[in-house]
Amino acid sequence: MKKKKPVANPRPGFVLEVDRQTPPILFHHGEGFRLEKLPVGRSRVVYPGEPLRGIADPDGAIRDALLNPIDDDPLPSLLKPGMKLTIAFDDISLPLPPMQRPDVRQRIIEAVLDMAAEAGVDDVHLIAALCLHRRMTDTELRHAVGDRVFEAFHPHGLLYNHDAEDPDGMVILGHTEKGETVQMSRRAAESDLVVYVNINLVSMDGGWKSTATGLAGYEGVRAHHNVHTLRHSRSFMDQENSELHRSNWRQGDVIKAHGPRIFQIESTLNTNTFGHDGPMAVLQKREWEWSIADRAAFTAMAAGLDRMPSSARRKVFHSWKAPYDVTSVQAGDVEAVHKRTTEMVYAQHLVPVQGQTDVLTMGLPYLTPYNVNSIMNPILVMVQGLGYFFNLYRGKPLVREGGVLIMSHPTPWEFHPVHHPSYIDFFEQVLADTTDPVEIEQRYEKQFAEDEWYRHLYRTSHAYHGVHPFYMWYWGSHAMQYLAQVIVVGGNERAVRRLGFKPATTLADALEMATDIVGPKPTITHYHNPPILMADVTG
Amino acid sequence: MMGWLRFITQPPATPKGVTKPEKTPKTGVHYDTTWAHRPAAKLIRRFGVWSFFKPAIAFYGNPRVIGTDRIRDLDGPVIFAANHHSHADTSLLLATLPSRLREDLAIAAGADYFFPNRILGALSALFIGAIPIERTRISKLSLRNSQKALEEGRSLLIFPEGGRSPDGWSSEHKPGAAYLAKRCGVPVIPIYIDGTGSILPKGKNWPKRSRCAVVFGHPMTIGDDENPRDFAKTVERRVAELADEFGTGWWQARKNAYRNTTPEPTGPEAGAWRRRWALGPKPGQRRSSSTDKPPWPEL
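A. Examining the overall build of chain A more closely. Check the secondary structure of chain A and you find 20 helices and 20 strands. In summary, chain A has a C-alpha radius of gyration of 23 Å against a globular reference of 24 Å for 539 residues, a match within 12%. Expressed as lengths along the three principal axes of its C-alpha atoms, the size of chain A is roughly 70 × 60 × 45 Å. Put simply, chain A has 539 residues, and 58% of those count as buried. The long-range share in chain A, meaning contacts at least 24 apart out of those at least 6 apart in sequence, stands at 80%.

B. Representation of the overall build of chain B in the model. A count of helices and strands for chain B gives 12 helices and 7 strands. Considering only intrachain contacts with a sequence separation of at least 6, the fraction spanning at least 24 residues in chain B is 72%.

C. Region of the structure containing unusual backbone geometry. Residue and element names in this part refer to chain A. Omega for the peptide link from Leu-94 to Pro-95 comes to -15°, which places this bond in the cis form. Of note, Asn-373 is a non-glycine position whose phi angle comes to about 55°, a positive value. The residue Asn-373 is located in the loop between strand E14 (357–363) and helix H13 (378–391) in this model. Take Asn-373: there are 19 C-beta atoms within 10 Å of it, and that puts it in the partly exposed class. Positive phi is not limited to glycine here, since Lys-521 has a value of about 50°. Tracing the sequence through the fold places Lys-521 in the loop between helix H20 (507–518) and strand E19 (524–527). For Lys-521, a count of 11 C-beta atoms within 10 Å gives the class exposed.

D. A look at the sheet that holds strand E20 (residues 534–538) of chain A. Residues and elements named next belong to chain A. Pairing in this open sheet of 3 strands is parallel, and the strands run E13-E20-E15 from one edge to the other. The open sheet terminates on both sides in strands that have one partner only, identified here as strand E13 (350–354) and strand E15 (393–394). With 2 bridges joining them, E15 and E20 adopt parallel strand pairing. What sits directly across from Tyr-393, in E20, is Ala-535.

E. Focus on the pairing of strand E4 (residues 43–47) of chain A. All names here are of chain A. Of all 5 residues making up E4, 4 are buried, and the element is well covered by its neighbours. In the sheet, strand E1 (residues 14–17) pairs with E4 via 4 bridges, with the strands oriented antiparallel. When the sheet's bridge partners are listed, Leu-16 is paired in E4 with Val-45.

F. Here's a closer look at helix H15 (residues 437–449) of chain A. Residues and elements named next belong to chain A. An ideal rise of 1.5 Å per residue puts 18 Å on 13 residues; H15 reaches only 16 Å between its terminal C-alpha atoms. In the structure, H15 departs most strongly from a straight axis at Arg-443, where the bend amounts to approximately 45°. Within the span of H15, buried status applies to Pro-437, Ile-440, Tyr-444, Glu-445, Phe-448 and Ala-449. In this fold, the buried residues of H15 make contact with helix H7 (218–221), helix H8 (227–231), helix H14 (421–433), helix H16 (452–460), helix H17 (468–475) and helix H18 (477–482).

G. How the structure looks around the interface of chain B and chain A. Counting residues at the interface gives 13 residues for chain B, matched by 16 residues for chain A. Top element by residues in the side of chain B that touches chain A is helix H11 (residues 250–259) of chain B. It accounts for 6 residues. Taken together, the residues of the side of chain B that touches chain A sort by class into 4 nonpolar, 2 polar and 7 charged.

H. The arrangement of the environment of Leu405(A) in detail. Residues and elements named next belong to chain A. In this fold, Leu-405 is placed in strand E16 (residues 399–408). The exposure class of Leu-405 is buried, given the 28 C-beta atoms found within 10 Å. For the pair Leu-405 and Thr-460, spaced 55 residues apart in the sequence, the C-alpha separation amounts to 39 Å. Leu-405 has contacts with Leu-360, Gly-385, Phe-390, Val-399, Leu-483 and Val-486, leaving out every residue within four places of it along the chain.

I. Representation of the packing of H13(A) against H17(A) within the structure. All names here are of chain A. Interhelical geometry of H13 versus H17 gives an angle of 35° and a closest axis separation of 8 Å. Like other packed secondary-structure pairs, H13 and H17 cross with a definite hand, here left-handed. Of the residues in H17, those touching H13 at Ile-379, Leu-380, Val-383 and Gly-387 are Pro-469, Met-472 and Trp-475. Here the residues of the contact of H13 with H17 are counted per class, giving 6 nonpolar, 1 polar and no charged.

J. Expanded view of the sheet that holds strand E11 (residues 261–269) of chain A. All names here are of chain A. Read across the open sheet, the 6 strands follow the order E7-E6-E5-E10-E11-E12; overall the sheet is mixed. Because the sheet does not close on itself, it has two edges, and the strands there are strand E7 (159–161) and strand E12 (326–332). Sheet twist, expressed as the mean angle between neighbouring strand axes with direction ignored, is 20°. As defined by bridge partners, strand E5 (residues 84–89) adjoins strand E10 (residues 193–200) across 5 bridges and the pair is classed as parallel.

K. The arrangement of the nonpolar core in detail. Within the largest apolar cluster, 170 residues are counted, with the highest numbers of intra-cluster contacts made by Ile87(A), Ile109(A), Val112(A), Val195(A), Ile487(A) and Ala535(A). The next biggest cluster of nonpolar side chains, apart from the first, holds 66 residues, and it includes Phe53(B), Ile71(B), Leu92(B) and Val188(B).

L. Spotlight on the environment of Phe246(B). Residues and elements named next belong to chain B. You can see Phe-246 is positioned in helix H10 (residues 228–248). Residues Phe-246 and Cys-212, 34 residues apart in the sequence, show an inter-C-alpha distance of 11 Å. Apart from residues no more than four positions distant in its own chain, Phe-246 is found in contact with Ile-66, Tyr-192, Asp-194, Ala-213 and Val-215.

M. Representation of helix H8 (residues 176–184) of chain B within the structure. All names here are of chain B. Buried within H8 we find Gly-176, Ala-177, Ala-178, Tyr-179, Leu-180 and Ala-181. Buried residues belonging to H8 abut strand E2 (79–82), helix H7 (140–151), strand E5 (155–158), strand E6 (188–194) and H10. Directly after H8, the chain includes Gly-185, whose backbone phi takes a positive value near 65°.

N. Quick look at the confidence of the model for chain B. All names here are of chain B. In the predicted model, chain B carries a mean pLDDT of 84, and the fraction of residues at 70 or more is 89%. Every residue in residues 283–292 is under pLDDT 50, and counting partners more than four places away or in other chains gives 16 contacts. Here the predicted complex scores 0.86 on pTM and 0.70 on ipTM.

O. Representation of the environment of Arg340(A) in the model. All names here are of chain A. You can see Arg-340 is positioned in helix H12 (residues 334–349). Among the residues examined, Arg-340 registers 15 C-beta atoms within 10 Å and is labelled partly exposed. Between the alpha carbons of Arg-340 and Glu-266 there is a distance of 9.2 Å; along the sequence they are 74 residues apart. With residues up to four places along the chain from it excluded, the contact list for Arg-340 reads Ile-70 and Gln-330.

P. Summary view of the pairing of strand E7 (residues 213–216) of chain B. All names here are of chain B. Sheet topology places strand E1 (residues 64–66) next to E7; 3 bridges connect them, and they run parallel. In the sheet register, Arg-64 faces E7, and the bridge partner there is Ala-213. Pairing of E6 with E7 involves 4 bridges; the strand directions are antiparallel. What sits directly across from Ile-193, in E7, is Val-214.

Cut-offs applied
Residues numbered from 1 in each chain as written. Chains lettered and ligands numbered in written order. Predicted model: local features only at pLDDT ≥ 70, side-chain atom pairs only at ≥ 80, totals over all residues. Helix = DSSP H or I, 4+ residues; strand = E, 2+ residues; numbered from the N terminus. Rg over C-alpha atoms; globule rule 2.2 N^0.38 Å. Buried ≥ 20, exposed ≤ 12 C-beta atoms within 10 Å, placed from the backbone. Contact = placed C-beta atoms within 7 Å. Pairing = 2+ DSSP bridges. Expected span 1.5 Å × (residues − 1). Bend = angle between axes of the 7 residues up to and from the residue. Nonpolar A, V, L, I, M, F, W, Y, C, P; charged D, E, K, R; others polar. Axes fitted to C-alpha atoms, helices over the stretch in contact; angles between N-to-C directions. Left-handed = near helix turned anticlockwise from the far one by under 90°. Core = buried A, V, L, I, M, F, W, Y, C linked by C-beta atoms within 7 Å. pLDDT = per-residue confidence, 0-100.

Structural data, given as structure tokens:
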């Protein structure tokens, strides 16, 4: 059997006005699904575009990008015998879900190493640029870089996770004109060349954020991972209007002046998240195009999932590897490369939407960047809805200021004790006291960030840094300030209330509750994601 | 009674002055394998792979499979070019190739060995998808058989060394695979096989258990102006690099390749015992001369 090709002419995303003929709409609901009827005449659904065609020869495209970089010298000319070369790459948080083998990082790293071998470079380190994220396991590293690279470098300690709390392993490169500290891994900072291998899943990723954040520590990222910056990033998916990016770019200027030479390699993927065939393909189709087989598969899948214990459901979903195709690879100067990358991301994700809405609905899936092979705890539910999905806009948010956000997720009071130890304390202690991001930042952040036990777990186990749940909370701070109310459908009532949101049993109840805020007969927009889309809101 | 039997079994004598027409032989390279690529035969072959080759290779070889990601995107017919130690090589590849590629695979097999008569020929064609080729020279019939398979959309497995290794070292590649790649415009996938020589070496009839491995390489395409003989050398070198990758790791192998220090797969030009000695304790593990640590503590 031959491999199925993606559709020849992918259709762009669009906005569907809901009428009597509209079938029930798919809402992701954690490791499950809901089919919901939306009110006729005042509801609309924003659908993502179909996956763009991938590059026919990704290895050829990678080689071409390295030999013909944008605003930089060809990579082979930068490689010399006796030099120190560091290859940094994006961590487990990208892409989502993880992609089928071979991962694009593997393809790129092999191409870079092949050129390094040709040039006679011996001193090579590979670093997973995870900043304050959890350390990747050996299996996860192997999946990202491939067997060949893993086996060649990992046993010798030359392929490892970035350690932002290593007292001897971090250096301060300088400060920006606004006083922001620029910090970097010592190995990277002292290298003759840093090659950064990125995956740009959404427009927030990449650019100077790769090195200025990925290879930094608490001192470096606190400059922009704070309530003020994130409330002034509207949105942080739109670099032109993102304070988060402006701060990273200022840090980039310091890296350019005082840091190592950076050769940036960025790649973009299409949105082929669930495949064109197979058990999950139905999740990528528009509901009125579901065939009998699709409907049967969906019903069987939903019924089966309902009967499984939550751990089994998680296992099923987290074992899914997306059959993404690579749509572009560009290399060279950080800013020039990122400009081209962003164009490619927008080409896949942007969907024009006219006007805002009173009520925005969204079904949250099982995955965020911070719970790959883990549990999506209530804080991550918040960050998925208010941090990521809410911010996937250009221009202005899909929902009007003072509007209501309704999200569907089981929101279990469950935490992964190894991955998210500080999240547990944040949820139990901090959120029990206050949900105000500014107060949380002032009263609690330092204590968690400098806690020796969290630091130990971050360095030696697979725990997110002690300060990470705070950043999650700040990530949603713009939406919290902007929205009048957040309602969670089908969530654990206590957990939802702890987040400061309102629980509802059904979508109909949630819509009824929303009318108390936005008045009767509000306009409703459903954000049909995943696959990922970004609303380009005008008017 | 005996007269009738003799009449039936003995061919009639040819009268003098008459030339008897020559029969087209139906064995060897002339054996027609078309029937073996029909759906029913494929189904039997699939059953054979799952019920025999896979369990047998898992039991005897417990193979390590490396580099399947390099052939993940393959879509059309290709030529697999592997080194050849043993009859177990075919079984190993049938057991380890991704099913998408195995379904439509023809194996170029020595006409003299696999198709000496119609029964053995039928078994070879049916169970391993063999097509007959002549091992000692490039003949029109061999080419026709191989080309037909590729043109019909089947991939082709060729052992370009032309036969099994007599001593554990590889032999020089013959240009048949490269010539076909040029003529049919298909890529060549270099493959390195390790350890099968210990499972079923040349001259033995019964296998014994030993670890084996298969390393798939990146697809290689012959250039428009490239000579098939040169391309055959390139493929041979790539197989040697895969052998080095298996022995020393990918990164070291790449460095060796660029420094032209990839170990020669054909072994040293020396007497038989020295060639065997250089192979090391097991085939595939080269005996190192100076870099090995002594088996005692440093004093």
